[in-house]
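Chain by chain, the residues run as shown.
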Amino acid sequence: MINVAILGFGTVGSGVAEVLEGHRELITQRTGRQFRVKYILDVRDFPDSPFGDRVIHDFQTIEQDPEVDVVVETIGGAGVAKEYTQRALRAGKSVVTSNKELVACCGHELLQLAKEKKVSYLFEASVGGGIPIISPLYQCLSANEIFEVCGILNGTTNYILTRMIGAGLSFEAALKEAQENGYAERDPSADVEGHDACRKICILAAVAFGRHIYPEQVPTEGITGVSLADVDYADSVGKKIKLLGRALRNGDGTVTAYVAPHLVDQSDPMAGVVDVFNAIKIRGDAVGDVMFYGRGAGKLPTASAVVSDVIDAAKHMNTKKYLDWQEGGEDVCASADSLVSPWYVRAEGSAEALRRALPGVSLLARHGAADSELAFLTGPMSRTELEEKLAGLSFRCVLRVLD
Ligand code: NDP
Ligand code: HSE
């Protein structure tokens, strides 16, 4: 019998209990082992839940119970979640989590502790919700030199953009729907300001390139600066706006990582990724491009990934399997400002000055635009070059075009 303790009985934690118990027979058939949710730790009681009798409020009970093999941390954040994770690992229990904030800030440290204690620390659900991505990247693509990881990594913002564009909902109404569906973070500014996608690209980059990358090292821009005017202009040139996290390996071994909204051509599979779906493209030297697609948030998709890790942890009780990467540092990241790409610009200023700066530039049109509004696409250049060339304009929105 594998005894599981779940910390945090919210959207994901309750999904984990449902999947583990609901698929009890199937999991036993597949693994030859029985799994049981022995404890659920939360600050509240859940008298109406079928799991209500297992709810406890004191972590010590879990920590001191030698029968508990796997602890599932679905509280979130880097506070008490970190403390409980460390205590569980020190007590010789494997820990499985969906908490990307904790993995992005402290993954290296926690992986080292898990290794020291000869237990597992697994986080498949921390990126891409239900999409299998950490194991495929770490394991199935391990024969490759990885050049780039790029993806739609946040379900809430993709859902908001889809609902605003497709159904004409306001930003606030679309966010409210995402919250009601259980997609958003406790503080949804983490979604809309790009911090959640930032944490995820940090984790992917660490797995892909082998060094810890800290969220503070990754320039991050969310979707709050994108307006319906930009959506219209993008549409007029056959492109969609998508919030992307990217991490590219440079020739000198450094990594350029950033999060920002991009214009993506309609012919790119990323452009067709809508609602809560995520997609992650990985470019390896042997495999070429591979893409992973699926539901990026929500109770059961995320629980699917968490439970697969619980099973994996149970399978590796005796024969160890360690996921690992090296400590980060100032030498890991290169600035995104020198990364060359075409740009979309919406600005105020003189069309004549623009034509002098960018000879041959074509202005984009949209219904209802003010006379002083200039919107256009540039050729490939760095952000630094763009700002130098167009110093005479007042930028309203500047987005990279994915090439
Ligand atoms: P929820 O807020 O729904 O669940 C967290 C639960 O933990 C709540 O019941 C909360 O209680 C409880 N809790 C808070 N503090 C404590 C504490 N000190 N001790 C015990 N329990 C506590 O969050 P989610 O389930 O949505 O997310 C959990 C984690 O998974 C987060 O890291 C999130 O980023 C991540 N994640 C979420 C996904 C999603 O689709 N929702 C998808 C992938 C990852 P109370 O509400 O009373 O504070
Ligand atoms: N808030 C996150 C999202 C949850 O919307 O993608 C999944 O990590």
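A brief structural summary. Just so you know, these numbers come straight off a predicted model, no measurement behind them.

Conventions adopted
- Residues numbered from 1 in each chain as written.
- Chains lettered and ligands numbered in written order.
- Predicted model: local features only at pLDDT ≥ 70, side-chain atom pairs only at ≥ 80, totals over all residues.
- Heavy atoms only, no water.
- Pairing = 2+ DSSP bridges.
- Helix = DSSP H or I, 4+ residues; strand = E, 2+ residues; numbered from the N terminus.
- Axes fitted to C-alpha atoms, helices over the stretch in contact; angles between N-to-C directions.
- Contact = heavy atoms within 4.5 Å.
- Buried < 20%, exposed > 50% of the residue type's maximum accessible area, 1.4 Å probe, protein only.
- Arc of directions from axis to C-beta.
- Near = heavy atom within 4 Å.
- Polar contact = N/O pair within 3.5 Å; in protein donor to acceptor, adjacent residues only side chain to side chain.
- Areas by Shrake-Rupley, 256 points an atom, 1.4 Å probe, with all protein chains shown as cover.
- Nonpolar A, V, L, I, M, F, W, Y, C, P; charged D, E, K, R; others polar.
- Phe/Tyr/Trp six-rings, centres within 6.5 Å; stacked < 30°, edge-to-face > 60°.
- Core = buried A, V, L, I, M, F, W, Y, C linked by side-chain atoms within 4.5 Å.

**Section: the sheet that holds strand β14 (residues 394-401)**
In sheet architecture, strand pairing relies on hydrogen bonds along the backbone and comes in two forms, parallel and antiparallel. Reading across from one edge, β11-β10-β7-β8-β9-β14-β12-β13 is the order of the eight strands in this open sheet, with mixed pairing throughout. Because the sheet does not close on itself, it has two edges, and the strands there are β11 (288-295) and β13 (373-377). When strand polarity is set aside, the average angle formed by the axes of neighbouring strands in this sheet is 25 degrees. By the bridge criterion, four bridges tie strand β7 (residues 146-152) to strand β8 (residues 239-249) in an arrangement that is antiparallel. Within the sheet, the bridge partner assigned to Glu148 lies in β8 and is Leu248. Against the sheet, helix α7 (residues 155-167) touches β7, β8 and β10 (277-284), its axis set at about 155 degrees to β8.

**Quick word on the sheet that holds strand β6 (residues 121-122)**
Overall, parallel pairing links the six strands, which are arranged β3-β2-β1-β4-β5-β6 in an open sheet. Every interior strand has two partners, whereas the edge strands, β3 (55-56) and β6, have only one. When strand β1 (residues 2-7) meets strand β4 (residues 68-73), the two strands line up parallel, connected through five bridges. The residue bridging Ile6 from the neighbouring strand is Val72, located in β4.

**Digging into helix α8 (residues 171-180)**
By the burial criterion, the buried members of α8 are Ala174, Leu175 and Ala178. Here the buried residues of α8 occupy an arc of 100 degrees about the axis, which is enough to place them on one side. In this structure, α8 carries Glu172 and Glu180 as exposed residues pointing more than 90 degrees from its buried face. Packing partners of the buried residues in α8 comprise α7. Following α8 by one or two positions, Gly182 adopts a phi angle in the positive range, close to 80 degrees.

**A look at the site of ligand 2**
Near ligand 2 you find Lys100, Asn154, Gly155, Thr156, Tyr183, Ala184, Glu185, Asp191, Asp196, Lys200, Gly296 and Ala297, and these make up its full shell. One of the side-chain N or O atoms of Asn154 is found 3.4 Å from an oxygen atom in ligand 2. Here ligand 2 loses 93% of its free accessible area of 260 Å² to cover by the protein chains. Contributions of two or more residues to the shell around ligand 2 are made by α7 and α10 (195-209). Within the shell around ligand 2, the residues separate by chemical class into three nonpolar, four polar and five charged.

**Describing the packing of aromatic side chains**
Centre distance and the angle of the planes are the two values used to describe a pair of aromatic rings. This model, assessed by the stated rule, comprises eight aromatic pairs. When the ring of Phe9 is compared with that of Phe51, the centres are 6.1 Å apart and the planes differ by 70 degrees; the resulting orientation is edge-to-face. Here Phe9 is found in the loop between β1 and α1 (11-22), whereas its partner Phe51 is found in the loop between β2 (35-41) and β3, with 42 residues between them in sequence. Note on Phe51: relative accessible area 8%, which makes it buried. With 6.4 Å between their ring centres and 45 degrees between their planes, Tyr233 and Tyr344 make a pair best called tilted. Of the two residues, Tyr233 is situated in helix α11 (residues 228-236) and Tyr344 in strand β12 (residues 343-348); the sequence distance between them amounts to 111 residues.

**Quick word on the site of ligand 1**
Around ligand 1, the structure places 23 residues, and the nearest of them are Val12, Asp42, Ser98, Glu185 and Gly298. Thr11 is positioned with one of its backbone polar atoms (N or O) 2.9 Å from an oxygen atom of ligand 1. Between ligand 1 and Ser98, the relevant distance is 2.7 Å, taken from an oxygen atom to a side-chain nitrogen or oxygen of the residue. Within the complex, the protein chains bury 83% of what would otherwise be the 890 Å² of accessible surface of ligand 1. Taken together, the residues of the shell around ligand 1 break down into eight nonpolar, ten polar and five charged.

**Points about the nonpolar core**
Within the largest apolar cluster, 95 residues are counted, with the highest numbers of intra-cluster contacts made by Ile62 and Leu204. When residues of this core are assigned to their parent elements, the largest contribution, eleven residues, is made by α10. Apart from residues lying up to four places away in sequence, Leu204 is in contact with Val127, Ile133, Ile134, Leu137, Val149, Leu153 and Ile280. Counting 13 residues, the second-largest nonpolar core is a separate cluster that includes Trp343, Leu354, Leu358 and Leu374.

**Remarks on the environment of Val398**
On the secondary structure map, Val398 appears in strand β14. Sequence-wise, Val398 and Met270 are 128 residues apart; in three dimensions their C-alpha atoms are separated by 20 Å. Sequence-distant contacts of Val398, that is, excluding residues within four places in its chain, are made with Glu221, Trp343, Tyr344, Val345, Arg383 and Leu386.

**Regarding the side chain of Thr256**
Secondary-structure assignment places Thr256 in strand β9 (residues 255-265). Overall, the relative accessible area of 3% leaves Thr256 in the buried class. Separated by 3.0 Å, the side chains of Thr256 and Asn250 make a polar contact. Beyond its immediate chain neighbours, meaning those up to four positions away, Thr256 contacts Arg246, Ala247, Leu248, Asn250, Ala334, Ser335, Ala336 and Leu339.

**Considerations on the environment of Ala114**
Assignment of secondary structure puts Ala114 in helix α5 (residues 100-116). Look at Ala114 and you get buried, because its relative accessible area is 2%. Considered as a pair, Ala114 and Glu387 are 273 residues apart in the sequence and their alpha carbons are 46 Å apart. Apart from the residues lying within four places of it in its own chain, the contact partners of Ala114 are Leu89, Val119, Ser120, Tyr121 and Tyr322.

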